[in-house]
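# Architecture and fold: a report
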Amino acid sequence: MNGLWEKTLEQLEQTLTPQHFATWITPIKFAGVEEDKVLLEVPNRFVLDWLRDHYVSIIQEIFSKLASNPYRVVIKVSTTPPKKSVDKPVSSPAPPSPTPAAAQPPVRTANNGFNLNSKYTFEEFVLGSSNQFACAAAMAVANNPATTYNPLFIYGGVGLGKTHLVTAIGNAILKNNPEMKVCYYTSEKFMNELINSLRYAKMDEFRNKFRSMDVLLIDDVQFIAGKERTQEEFFHTFNALYDSHKQIVVTSDKFPKEIPGLEERLRSRFEWGLIADIQAPDMETKHAILKMKAEANGIGLPEEVAYFLANSISSNVRELEGYLVRIGAYASLTATPVTLEMAQEVLKDILIEKKRELSVEEIQKRVAHHYGIKVADIKSSKRMKALVLPRQIAMYLSRQLTSFSYPEIGDRFGGKDHSTIIHAIKKIEKNMEEDFQLRTVINSLKKELTV
Ligand SMILES: Nc1ncnc2c1ncn2[C@@H]1O[C@H](COP(=O)(O)OP(=O)(O)OP(=O)(O)O)[C@@H](O)[C@H]1O
């Protein structure tokens, strides 16, 4: 049967792109055939989920055709640790351990990880439709650093898992390639170090440090926007690493084009590779994250409480975790089990606060924050392009998310006529039909405002 599997692989290789084949098929270990079942093993849950969703039927079909008999594919997570190799796809960490994540020793296998938080791994990341693409891209980079997507640019709203994902890339690379130097920095830390290096005349040291890395992970890059010297230095670091085929991963709360004050030359470089977004998680993903976090923190979380939290509160995962910790702390301090009534009581104030009706001012504030402009500019009549789009989006969302009439919305936008509001809404509706990017931004703002 080994021969049949080899042939299946050959056909898969012809059918899939080299990247997809390397990322998802190469990690599969053929574990034999039992009756009508083809047994396959994979290194981790992420590969397993992805294969189940995308490739099981094609593998089944090819194998059955070659065997001239119908076969079913059964995949499980391998119990033997994967081989370490630079070229081989991941490689992710060993099978899930029963030990809570927080108590695990750092994953660092050499002194080559800089600032990497060892608790953020792919194993601890819950996959859902909102983050599937970004996670697949992150795994592809972790499997083949500097070959597939370089740079990888991950963007998404606050607390949606960007830091977790970017760090997971670093940890996975380091685990499989302990000789590689992997460095995680927030752009703020990068800037602070730059300032210190300039002040103490240590620029050579600063440059050598970053340019000697094999993998550079820069989190929250939007903070360097508008900071001329930092952008300049980052630009040269980026070029030096890119030219010597080193992997760069960058995260941001916005799409490169939408980061105000970001230099054009940096923006274009961020668009050289792959741009992947993380959206707000849906109810099922929130539920799965809560269950995983509860287990990791030793909190007994009944199903109904998990659903209650996933259904009724935020889509910001960090915020969700906070609520969970709050409930866990209450349960522990009062020595009572977590129940639905108790959770409702503990989170009462937060829920009331969240449920209160949204105001136009809140919408203006959120949109202004997203575009990095002032609320006053949203309300103004200035006709600069950078202000017109956010203003029209805020008008559109005000109509969608509040019960105000067109004239009432107009009043709240600096006394504009109702026809201006109608025109703006129509324009946004039309543009949304054609512009995927705009649709994504508006949907994510909507989610952020309504959770
Ligand atoms: N899909 C997920 N599975 C498991 N945990 C997640 C997931 N998404 C987010 N988290 C958790 O939510 C918390 C916040 O995530 P993280 O810090 O990565 O968000 P972020 O997008 O970088 O936020 P910010 O915009 O503030 O930088 C972390 O504890 C992270 O582990």
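Residues numbered from 1 in each chain as written. Predicted model: local features only at pLDDT ≥ 70, side-chain atom pairs only at ≥ 80, totals over all residues. Heavy atoms only, no water.

## A few points about the packing of aromatic side chains
- By the definition in use, this model includes 16 aromatic pairs.
- By the ring-pair criterion, three or more aromatic residues cluster together here, those being Phe 153, Tyr 185, Phe 190, Phe 206, Phe 210, Phe 234, Phe 238, Tyr 242, Phe 270 and Trp 272.
- The ring of Phe 235 carries Arg 265 above its face, with NZ or CZ at 4.0 Å from the centroid.
- Over the ring of Phe 404 we find Arg 412; its NZ or CZ atom is 4.1 Å from the centre of that ring. (Phe/Tyr/Trp six-rings, centres within 6.5 Å; stacked < 30°, edge-to-face > 60°. Lys NZ or Arg CZ within 6 Å of the ring centre and 35° of its normal.)

## Comments concerning the sheet that holds strand E1 (residues 29–34)
- One open sheet accounts for three strands, arranged E1-E2-E3; its pairing is mixed. Unpaired on one side and paired on the other, E1 and strand E3 (72–77) mark the two borders of the sheet. Geometrically, the sheet is characterised by an average inter-axis angle of 25° between neighbouring strands, direction not taken into account.
- Along the sheet, helix H4 (residues 56–67) contacts E1, strand E2 (37–42) and E3; its crossing angle with E3, the most-contacted strand, is approximately 130°. (Pairing = 2+ DSSP bridges. Helix = DSSP H or I, 4+ residues; strand = E, 2+ residues; numbered from the N terminus. Axes fitted to C-alpha atoms, helices over the stretch in contact; angles between N-to-C directions. Contact = heavy atoms within 4.5 Å.)

## A short note on the packing of helix H8 (residues 203–211) against helix H9 (residues 228–243)
- One can describe the packing of H8 onto H9 by two numbers: an axis separation of 9 Å at closest approach and a directional angle of 45°. The orientation of H8 relative to H9 falls into the category oblique. Two packed elements cross with a definite hand, and for H8 against H9 that hand is right-handed. Across from Met 203, Phe 206, Arg 207, Phe 210 and Arg 211 in H8, the residues of H9 making contact are Arg 229, Glu 233, His 236, Thr 237, Ala 240 and Leu 241.
- For the contact of H8 with H9, a count of residues per class yields five nonpolar, two polar and four charged. (Parallel < 35°, antiparallel > 145°, perpendicular 65-115°, else oblique. Left-handed = near helix turned anticlockwise from the far one by under 90°. Nonpolar A, V, L, I, M, F, W, Y, C, P; charged D, E, K, R; others polar.)

## Points about the UniProt feature "binding site: ATP" (unreviewed entry) in the protein chain
- Mapped onto this numbering, the UniProt entry annotates "binding site: ATP" (unreviewed entry) at Gly 159, Gly 161, Lys 162 and Thr 163.
- Tracing the chain through its elements places Gly 159 in the loop between strand E5 (152–156) and helix H6 (162–176).
- Beyond its immediate sequence surroundings of up to four residues, Gly 159 is in contact with Asn 316, Val 317 and Arg 318.
- Along the polypeptide, Thr 163 turns up in helix H6. (UniProt positions renumbered as here; feature names shortened; annotations may be inferred.)

## What to know about the nonpolar core
- Within the largest apolar cluster, 58 residues are counted, with the highest numbers of intra-cluster contacts made by Ile 25, Leu 40, Leu 51, Ile 59, Phe 122, Leu 165 and Ile 169.
- Among the elements that line this core, the one with the most residues is helix H5 (residues 132–143), at nine residues.
- Looking at this core, you find at least three residues from each of domain 1 (1–77) and domain 2 (122–277).
- Counting 27 residues, the second-largest nonpolar core is a separate cluster that includes Met 395, Phe 413, Met 432 and Ile 442. (Core = buried A, V, L, I, M, F, W, Y, C linked by side-chain atoms within 4.5 Å. Buried < 20%, exposed > 50% of the residue type's maximum accessible area, 1.4 Å probe, protein only. Domains from an automatic or database assignment.)

## Description of the sheet that holds strand E4 (residues 113–114)
- Ordered in space as E4-E6-E7-E8-E5-E9, the six strands form an open sheet in which the pairing is parallel. Each edge of the sheet is formed by a strand with only one pairing partner; in this case those strands are E4 and strand E9 (274–278).
- Relative to strand E8 (residues 247–252), strand E7 (residues 215–219) runs parallel, the two being bridged by four bridges. When the sheet's bridge partners are listed, Leu 216 is paired in E8 with Ile 248.

## Considering the pattern of salt bridges
- Here the structure, examined in full by the defined rule, presents 18 salt bridges.
- Between Glu 233 and Arg 211 there is a salt bridge whose closest N-O contact spans 3.3 Å. With Glu 233 in helix H9 and Arg 211 in helix H8, this residue pair connects regions lying 22 residues apart in the sequence.
- Looking at Arg 211, the relative accessible area reads 30%, which means it is partly exposed.
- A salt bridge links Glu 233 to Arg 229, with the shortest nitrogen-to-oxygen separation between them at 3.1 Å. With a gap of four residues between them, Glu 233 and Arg 229 both fall in helix H9, about one helical turn apart.
- Look at Glu 233 and you get buried, because its relative accessible area is 1%.
- Put simply, Arg 207, Arg 211, Arg 229 and Glu 233 are held in one network by salt bridges that share partners. (Salt bridge = Lys/Arg side-chain N within 4 Å of Asp/Glu carboxyl O.)

## Quick word on the site of the ligand
- Neighbouring the ligand are 19 residues, the closest being Val 126, Lys 162, Thr 163, His 164 and Glu 321.
- Side-chain polar atom of His 164 to an oxygen atom of the ligand: 2.7 Å apart, as the coordinates give it.
- Considering the ligand on its own, with 630 Å² of exposed area, one finds that the protein chains cover 92% of that surface.
- For the shell around the ligand, the secondary structure elements donating two or more residues are H6, helix H11 (283–296) and helix H13 (317–333).
- Of the residues in the shell around the ligand, the class split is seven nonpolar, six polar and six charged.
- Of the domains in this structure, domain 2 (122–277) and domain 3 (283–356) are the two that each give at least three residues to the shell around the ligand. (Near = heavy atom within 4 Å. Polar contact = N/O pair within 3.5 Å; in protein donor to acceptor, adjacent residues only side chain to side chain. Areas by Shrake-Rupley, 256 points an atom, 1.4 Å probe, with all protein chains shown as cover.)

## Points about the side chain of Ser 197
- Structurally, Ser 197 is set in helix H7 (residues 187–199).
- Only 2.7 Å separates the side chain of Ser 197 from the backbone oxygen of Glu 193, close enough to count as a polar contact.
- With residues near it in sequence (within four places) discarded, Ser 197 still touches Lys 202, Met 203 and Phe 206.

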